[in-house]
Amino acid sequence: IKNLEPLLHDVAKYILQLQDPFLLGHYYAISRKFDKIDDLAYDLRTINSDSKRLAISLFLEGLNWFEQYEYEKSLAVWDMIQAPYSNNIILLFHQGEALIKLNNYEDSIKKYQKILDKYPHNPGAINQYGIALYNSGSMQKALHEFNNLTRLVPSNAEAQKNLSKTLLTLKKYVEGFN
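Residues numbered from 1 in each chain as written. Predicted model: local features only at pLDDT ≥ 70, side-chain atom pairs only at ≥ 80, totals over all residues. Heavy atoms only, no water.

1. What to know about the environment of Lys 73
Take Lys 73: it is sitting in helix α5 (residues 71-78). Separated by twelve residues in sequence, Lys 73 and Glu 61 have C-alpha atoms that sit 9.4 Å apart. (Helix = DSSP H or I, 4+ residues; strand = E, 2+ residues; numbered from the N terminus.)

Now the structure itself:
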């Protein structure tokens, strides 16, 4: 089986290249192959460029900066993405994360609100929204979101942790330790 792993890896990459450059870009980001992201983004801009490919290219370029902890640069690139792609849930989610990293909680809250307006039961967006609310000092609102999330997904350990942290911050010690 071990001898098959490199072959399966190459086959998976080939399929991704044929199917979806966005998934391939995510694969490169997870693999921390930043040079490959740059190459893919360049190819998307120059070969058969259309508005969707340009949006994907800009997203990947921003993702590359994000993965290198260059949050301001990632946001600057992502701001170049035009409608209708500027309201993409994955883009909004990453923008919200970058804004949290930059301690810009108010703008992060707006990004997650946009997601939740369309997808009110998205656990990742609810959690990040709660984190942004917590960090902005809106403890009661954060508590409400974390409570909702733990009811929606009771097994979500991160939601449980964030709920407990918020309860302890609000000096609700008994509930925070339950």
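The discussion continues.
2. Overview of the nonpolar core
Core analysis: the largest hydrophobic core is formed by 24 residues, its most contacted members being Phe 59, Leu 60, Trp 78 and Ile 81. Secondary-structure elements contributing two or more residues to this core are α2 (21-30), α3 (34-46), α4 (51-67), α5 and α6 (89-101). Looking at which element gives the most residues to this core, the answer is α4, with seven residues. Ignoring sequence-local partners within four residues, the contact set of Ile 81 consists of Ala 55, Leu 58, Phe 59, Ser 86 and Leu 91. By size, the runner-up hydrophobic cluster in this structure holds 22 residues, among which are Tyr 112, Ile 115, Ile 131 and Ala 159. (Core = buried A, V, L, I, M, F, W, Y, C linked by side-chain atoms within 4.5 Å. Buried < 20%, exposed > 50% of the residue type's maximum accessible area, 1.4 Å probe, protein only. Contact = heavy atoms within 4.5 Å.)

3. A few points about the pattern of salt bridges
The full count for this structure, using the stated rule, is two salt bridges. Note that Glu 67 is salt-bridged to Arg 32, the shortest N-O span being 3.4 Å. Highlighted residues: Glu 67 in helix α4 and Arg 32 in the loop between α2 and α3, separated in sequence by 35 residues. Exposure remark for Arg 32: the relative accessible area of 42% places this residue in the partly exposed category. Put simply, Lys 110 and Asp 107 hold a salt bridge, and the shortest N to O gap is 3.7 Å. Taken together, the positions of Lys 110 and Asp 107, both in helix α7 (residues 105-118) and three residues apart, correspond to about one turn of that helix. (Salt bridge = Lys/Arg side-chain N within 4 Å of Asp/Glu carboxyl O.)

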